[in-house]
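# Survey of secondary and tertiary structure
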Amino acid sequence: MKTKLKAVTRKNSNPRALVAIPVQRAVPAKDRRLNFGDKWDYAPAPESVPVKIQPRYELFINGKFTAPTSGKYFESINPATEQKLSDIAAANAADVDVAVKSARRAYEKVWGKMSGRERGKYLYRIARIIQEKSRELAVLETMDGGKTIKESRDIDLPLVAAHFFYNAGWADKLKYAFPGRTPHPLGVAGQIIPWNFPLLMAAWKIAPALACGNTVVLKPAETTSITAMHLAQIFQEAGLPEGVVNIVTGAGETGTAIVNHPDINKIAFTGSTEVGKNIAKAIAGTGKKLTLELGGKAANIIFGDAPIDQAVEGIVSGIYFNQGHVCCAGSRLLVQEGVYSKVIKKLRDRIATLRVGNPLDKNTDIGAINSRMQLEKIRELVQSGVDEGAELVQPRCALPEKGYWYPPSFLTGVTASHRIAQEEIFGPVLSVMTFRTPEEAFERANNTPYGLSAGVWTDKGSKIFKMINKLRAGVVWANTFNKFDPTSPFGGYKESGFGREGGVQGLAAYCRLD
Ligand code: NAI
Ligand code: MG
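Residues numbered from 1 in each chain as written. Chains lettered and ligands numbered in written order. Predicted model: local features only at pLDDT ≥ 70, side-chain atom pairs only at ≥ 80, totals over all residues. Heavy atoms only, no water.

## Side note on the overall build of the protein chain
For clarity, the threshold we go by: Secondary structure counts use DSSP, requiring at least four H or I residues in a row for a helix and at least two E residues in a row for a strand, with both numbered from the N terminus. The quantity called the radius of gyration is restricted to C-alpha atoms. Its globule counterpart is 2.2 Å times the number of residues to the power 0.38. In this analysis, two residues are considered to be in contact whenever any of their non-hydrogen atoms come within 4.5 Å of each other. His is not counted, nor are the chain ends, whereas Lys and Arg count as positive and Asp and Glu as negative. Just so you know, the charge point we use is NZ for Lys, CZ for Arg, CG for Asp and CD for Glu.
Secondary structure summary: the protein chain contains 16 helices and 22 strands in total. Relative to its length of 514 residues, the protein chain is compact, with a C-alpha radius of gyration of 23 Å against a globular reference of 24 Å. In terms of overall dimensions, the protein chain has a C-alpha envelope of 70 × 55 × 40 Å along the principal axes. Summarising the internal contacts of the protein chain: among those between residues at least 6 apart in sequence, 75% fall at separations of at least 24. The positive charge centre, built from 67 side chains, and the negative charge centre, built from 50, are 2 Å apart in the protein chain.

Below you can see the structure in the form of C-alpha cells.
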C-alpha cells in the first residue's frame, strides 16, 4: 500500500486551509506490523527483558519504603495500553515534613561532613548499578511513560549513568571546579521533576546535589513515578546512608509542600512555565536558592546552503524524538525561501516512513503520548493553528485503538502571531515558517517568550557564529540537534527559566562559594 497525503477541506475552519486528516481506523492484529508507514514490512520485535513491577510503591524516606500517612494511593498507567501498572503513594505535607527532617539529619550527621572522596565512591557505585540494570530500567521507563524503547535504552539510560559518573568525578575536586573559591554545600535540596525524561531528570538533579554534599527530597511526576522508586532501591543497594535521598510521590500538592517547606535551602524545578512562575513567587524573599528549567519553542533554522538531507534528518529527530515531549524540541522550522519546496517535500516523504505504535517494539519511532491530558492539549493547539489559517500535513496512518497517540505532523503557512508559533506544544507537531535573510531568521527565532534552544543548519561557519551571537537561547546546536552531554551546561533565557544544569555551572547551582 502506498502512503499518501489526503487533502480535504475541514469544516469550521479557514476554507483556504487544506488539511490532511489521519485515518484512525482499527487495525486487525494480523495487520499490525503493516500499520505505519507501510514502506517496510518489519516483524514486531518487542524488547524482551523481564521486569518486575510492584503492585504498590511506597514513599522512600530515611532509607526505607514507608506508607503515606494519608493511606492514599493513585494509579500509574501505561499510556500505550491505558492499563494500570501500579498504585503509587500520595505524599501529603506531613510526609514531606518527615522527608525533609530525614534529609536535614542526614546532611548534618553524615553527608555534609563526609569527604568528597567518600561521597564520590557512593556516586560511582550508583552509576555502575544503573549500568547493570539499564535494560530493565529502560523497559520500565517505556512502560510507564510511553517513550520508545529505542530512546529509553539508547539515550536516556546511558545519559543517566553518565550524569552519575560525571558528578562522581567532581566530588573530590570541587576546589578545582571553582579556582580561588571555597565551595560549601547548601543543605537540603527540594527537587521537582517532570514526566518527559523521568530517570534522566532525577539524575540531572540528584547527582550534582550529592556530589556537592547536599541531601535531597525529590518528587517525580505523577504519571511517571515507577523508575524513581527503582532508583531508590538502587540507593539502598549501594548502601547510600539513610536520608541522603528521600523520594516522595504525588501530584502538585506534594510539590507545593516541598516548595513551601521552611527547612529547604534550594529548590530545583523542571516543568511548565506556569508552575515555575508560581514557585518563583512562592519562595521570593525566603533565601532559598532556585533554578528553573521551563518550556521552550526552539527554532531550527535551515539556510539555503545547508546539506538538506542531513538537515531534514535533524529536524525530524528534533521534533519527533520522544513524541515531541522535550522542552528543547525544535518545534518551529524556519526555512530560507529558496529551498522551501525542496525541504517540505523531503519532510513530507520522511514523516510518512515514521512508525507510530507499541513503544516496546524496537522498530518504533514514535511512542505514546504521556497522558490523555497532554494528548488533548496537542489536539487543541493544532486545531487552533488550523483555525487561524495554517495547513496541517499528516501522513495517513492508522493508530492503535487503545492508548494515547498523535501522528507526526507539521503545519505550513504559520505566522509569528499564531498560537502554534508562540506556545509550547510538547507533541510531535512542527510549525513551519520561511525567511529571506539571516537578520529575519534570528528576529523570527527570537520572537517567542521562550529561549531554551535553537538549531542552525548551514555550510558556512561564519554564518553559524553570526547566528549564535544573535540567538537568545541557552543552547544553539549547529548542523545537529538534541545532543546532550553531562559536561555541557543546559538552561534557558527569558521564560525558559534561569540557572544551568550540567557541567561545572550545574555544580555551582548546588554550592555556596566563599
Ligand atoms: P507541570 O509543571 O504541572 O508538572 C511538572 C512537575 O511539577 C510535576 O512533578 C508536577 O507534579 C509538579 N507540580 C505541579 N504543580 C505544582 C505546584 N503547584 N507546585 C510544585 N510542583 C508542582 O507540567 P504538566 O502539567 O505535567 O505539563 C503541562 C505542560 O508543561 C506541558 O504540556 C508542557 O508544555 C510543559 N512541560 C514542560 C516540561 C519541561 O521539560 N520544560 C516538562 C513537563 C511539562
Ligand atoms: Mg504512567
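## Details of the nonpolar core
The following threshold applies: Residues enter a nonpolar core if they are buried and are Ala, Val, Leu, Ile, Met, Phe, Trp, Tyr or Cys, with the set joined through side-chain atoms within 4.5 Å. Each residue is placed in one exposure class: buried if its accessible area under a 1.4 Å probe, protein chains only, is under 20% of its type's maximum, exposed if it is over 50%, and partly exposed if it falls in between. Here the limits of each domain have been adopted from an automatic or database domain assignment.
By size, the foremost hydrophobic cluster in this structure holds 109 residues, and its most contacted members are Ile130, Phe164, Ile206 and Phe235. With 11 residues, helix H6 (residues 198–211) is the largest single contributor of residues to this core. When we break this core down by domain, the ones giving at least three residues each are domain 1 (56–294 + 496–513) and domain 2 (299–478). Contacts of Phe164, omitting those with residues within four sequence positions, involve Leu123, Ile126, Ala127, Ile130, Ala203, Ile206, Ala207 and Phe235. Judged by nonpolar contacts, the second largest core, of 31 residues, contains Ile301, Phe303, Leu471 and Ala473.

## Points about the coordination of the magnesium ion (ligand 2)
Definition in use: Coordinating donors are taken to be N, O and S atoms lying within 2.8 Å of the metal, or within 3.2 Å when the metal is Na, K or Ca; because water is excluded from the atom set, some sites may appear incomplete.
For the magnesium ion (ligand 2), the full set of protein donor atoms is Ile77 (O), Asp144 (O), Asp144 (OD) and Thr223 (O), at a range of 2.3 to 2.5 Å. Mapped onto the sequence, the residues coordinating the magnesium ion (ligand 2) show the spacing I-x66-D-x78-T. In this pair, Ile77 is assigned in strand S6 (residues 73–78) and Thr223 in the loop between strand S10 (215–219) and helix H7 (226–237), connecting sequence segments 146 residues apart. With relative accessibility at 25%, the residue Ile77 sits in the partly exposed group.

Purely geometric stuff here, so don't read any function into it on its own.
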